[in-house]
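One letter stands for each residue in the lines below.
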2 protein chains.
Amino acid sequence: MRIKLTLAYDGTDFCGWQSQKNGRSVQQEVEEAVFKLTGKRAKVTGSGRTDAGVHAVGQVAHLDTDFPCPAQKFYKALNPLLPGDVKALSSEEAPAGFNACASAKKKTYRYSFYVTETENPLYMRYAARVYPAPDEALMKAACAEFIGEHDFAAFRASGSSAKTTVRTVYGAEITKSCGVTFLTVCGSGFLYNMVRIMAGAIIGAGQGRLSAEDIRAALENGARPKEIKTMPACGLCLMSAEYF
Amino acid sequence: MRIKLTLAYDGTDFCGWQSQKNGRSVQQEVEEAVFKLTGKRAKVTGSGRTDAGVHAVGQVAHLDTDFPCPAQKFYKALNPLLPGDVKALSSEEAPAGFNACASAKKKTYRYSFYVTETENPLYMRYAARVYPAPDEALMKAACAEFIGEHDFAAFRASGSSAKTTVRTVYGAEITKSCGVTFLTVCGSGFLYNMVRIMAGAIIGAGQGRLSAEDIRAALENGARPKEIKTMPACGLCLMSAEYF
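Just so it is clear, the model here is predicted, and its values are computed rather than measured. Along every chain, residues carry numbers that run from 1 in the direction the sequence is written. All chains are assigned letters beginning with A, and all ligands numbers beginning with 1, in the order in which they are written. It should be noted that, the model being predicted, local features are given only for residues of pLDDT at least 70 and side-chain atom pairs only at 80 or more, the latter also being counted only at that level, while totals for whole chains, interfaces and linings use all residues. Hydrogens are left out, water is left out, and the side-chain values use all remaining heavy atoms of the structure.

### Here's the deal with the pattern of salt bridges
If charged atoms from side chains of opposite charge come close, those side chains can pair.
Residues and elements named next belong to chain A.
No. 1: Any Lys or Arg side-chain nitrogen located within 4 Å of an Asp or Glu carboxyl oxygen qualifies as a salt bridge. All chains considered together, the criterion is met by 28 salt bridges over all chains.
No. 2: A salt bridge links Asp13 to Arg125; its shortest N-O distance comes to 3.8 Å. Separated by 112 residues along the polypeptide, Asp13 in the loop between β1 (2–9) and α1 (26–38) and Arg125 in the loop between β5 (106–115) and β6 (128–130) bring together distant segments of the chain.
No. 3: For Arg125, a relative accessible area of 16% corresponds to the buried category.
No. 4: The salt bridge partner of Lys226 is Glu227, with a shortest N-O separation of 3.0 Å.
No. 5: Relative accessibility under 20% of the residue-type maximum defines a buried residue, over 50% an exposed one, and the middle range a partly exposed one, all with a 1.4 Å probe and only protein chains included. Residue classification places Lys226 among the exposed residues on the basis of a relative accessible area of 75%.
No. 6: Salt bridges here are not isolated pairs; linked through shared partners, they connect Asp10, Asp13 and Arg125. Secondary structure is summarised from DSSP: a helix means a run of H or I of at least four residues, a strand means a run of E of at least two, and numbering begins at the N terminus for each.

### Considerations on the interface of chain B and chain A
In many reports, interface size means the accessible area that the parts give up when they come together.
No. 1: Here a residue-residue contact requires only that any non-hydrogen atoms of the pair lie within 4.5 Å. Counting residues at the interface gives 27 residues for chain B, matched by 27 residues for chain A.
No. 2: Sorting the residues of chain B by area buried against chain A places Thr118, Pro121 and Leu122 of chain B first, and these three jointly supply 32% of that buried surface.
No. 3: At the junction of chain B and chain A, the tally comes to two salt bridges.
No. 4: With a shortest N-O distance of 3.1 Å, Lys76 of chain A and Glu117 of chain B are connected by a salt bridge.
No. 5: Polar contact is defined as a pair of N or O atoms within 3.5 Å, subject to the rule that within protein one atom must be able to donate a hydrogen and the other to accept it, and that residues adjacent in sequence are counted only when both atoms are side-chain atoms. Our count for the contact surface shared by chain B and chain A stands at two residue pairs in polar contact (both at pLDDT 80 or more).
No. 6: At the level of secondary structure, the elements contributing two or more residues to the side of chain B that touches chain A comprise β1 (2–9), β3 (55–64), α2 (74–78) and β4 (86–93) of chain B.
No. 7: At four residues, the largest contribution of residues to the side of chain B that touches chain A is made by β4 of chain B.
No. 8: Under this grouping Gly is polar, as are all residues other than the nonpolar Ala, Val, Leu, Ile, Met, Phe, Trp, Tyr, Cys and Pro and the charged Asp, Glu, Lys and Arg. Its residues assigned to classes, the side of chain B that touches chain A shows 14 nonpolar, six polar and seven charged. Put simply, buried area is how much 1.4 Å-probe accessible surface two parts lose in total, over both of them, once they are put together.

### Examining the state of the cysteines
No. 1: The disulfide criterion is simple: two cysteine sulfur atoms within 2.5 Å. For the structure shown, the criterion picks out one disulfide over all chains.
No. 2: Disulfide pairing is shown between Cys178 of chain A and Cys178 of chain B; the S-S distance is 2.1 Å. Judged by the sign of its S-S torsion, about 115°, the cystine formed by Cys178 of chain A and Cys178 of chain B is right-handed. Taken together, the residues span two chains, with Cys178 of chain A in the loop between β8 (166–177) and β9 (180–187) and Cys178 of chain B in the loop between β8 (166–177) and β9 (180–187).
No. 3: Look at Cys178 of chain A and you get partly exposed, because its relative accessible area is 36%.
No. 4: Just so you know, Cys101 of chain A is unpaired, no disulfide at all, and the nearest cysteine sulfur is the one on Cys186 of chain A, 17 Å from it.

### Focus: the pairing of β1 of chain B
Residue and element names in this part refer to chain B.
No. 1: Across the eight residues of β1, seven count as buried, placing the element largely inside the fold.
No. 2: Relative to β3, β1 runs antiparallel, the two sharing seven bridges. Bridging across to β3, Tyr9 finds its partner in Ala56.
No. 3: Pairing between β1 and β4: seven bridges, direction antiparallel. The residue of β4 that forms the bridge with Leu5 is Ser91. Pairing between strands is defined by DSSP: at least two bridges between the two strands are required.

### Notes on the environment of Ala137 of chain A
No. 1: By the element assignment, Ala137 of chain A lies in helix α3 (residues 136–146).
No. 2: On a C-alpha basis, the gap between Ala137 of chain A and Gly206 of chain A in space is 7.5 Å, while along the polypeptide they are 69 residues apart.

### So, unusual backbone geometry
Both trends apply: most residues other than glycine have a negative phi, and most peptide bonds are in trans.
Residues and elements named next belong to chain A.
No. 1: Put simply, Tyr131 and Pro132 share a cis peptide bond, and its omega is 0°.
No. 2: Here Pro132 lies in the loop between β6 and α3.
No. 3: At Cys178, a residue that is not glycine, the phi angle is positive and equals roughly 55°.
No. 4: Its identity as a non-glycine residue notwithstanding, Asn193 has a phi of 70°, on the positive side.
No. 5: Mapped onto the elements of the fold, Asn193 is located in the loop between β9 and α4 (194–206).

Here it is, written out as structure tokens:
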């Protein structure tokens, strides 16, 4: 039986989703918990990798098991075996042919930041500090440049191994709540560091360090202006992966 | 010169406000930073102690120094010398006779909780998990019982050394925002664990485990019913101390 798991984690103390020789990964913690529960080693495949320090409330993963437990209850059996900073929120039997990575059609990320001159210890774990305050209308104009199918070559970190750099962004929205500003981005998929670089461009545009036209030009010519910073990992959270 | 400091801290990795022989306290970290800045040891007095794991966004403290720096800029000089989980948000010259502890007239605490059957790693640092969902009207009725001057003997932890257990609660309100429920309590002062025990009573009333009448009786006779649990420290945050 293939099980589809939805996972939430605080990425602060992880080297990222993917198992590595050195460092504590989310994937490895989930695989260990599955082994403790079922007595068998199983590979846990995520909808995609999240980097060191990046959080998730809707990471989707699959694994194959013959453990005699209804799929809907699998996550409850798994949770006591997981550490406090990663938990399964639900589980179900995956439809035929389902692959958490290959079948993903759409992903939503949220980038959170707070605006203040002085660091606030109660925000810093889940949001980046931004100062001076970015203008909301300028940020929204910058968001609009990203909508649609583009070549995001200028918006990925070096070391990215993706075959194509063309992606479709379905939505990029700015909202505010509880003292935090959220940039919510929904797309067909994202390149290495793409959301953090987009956030840097949008916040930079809001602060007047670059214009919406500069973003348009970067999407057209594939070169990233030096004004666009990669925002820190702590502000990023994988909200959902959708499969239709 | 006496300086009034406003501090924010993530209490997770502290043994509490007050310096102790074993454990890392907020007070000690601030005193160390003051020593690094001024070259002199100075006692930093808080508006009150917060327990291990309890957070603050508006702890007020005072210290005496002859360091040649305008009082309004003192916090900016201090912050680079403080660890990431405690920062000063502002500083000013204290009025004559000011004492952060003795002069405090009013304090506001917030207790945060989220309602879900399954633990969520992204809430657990700053909110307690509650399940099943408490009824909001029942919680509000329970809140009303606390308003006014009462003997809170039933609502303090053993080991409390306060001379009198009479306190005045000015407000106790339930609000919801960003997926979290907040109990905001404002009072003349609070006994050891008093807000966490009040939160346990109010949430318990919301879950139907006790009634508003049970709370009234406990305030009258000084005995705590066994249905009232002390809620975990992680949900508690000192919001402000006021001095008029």
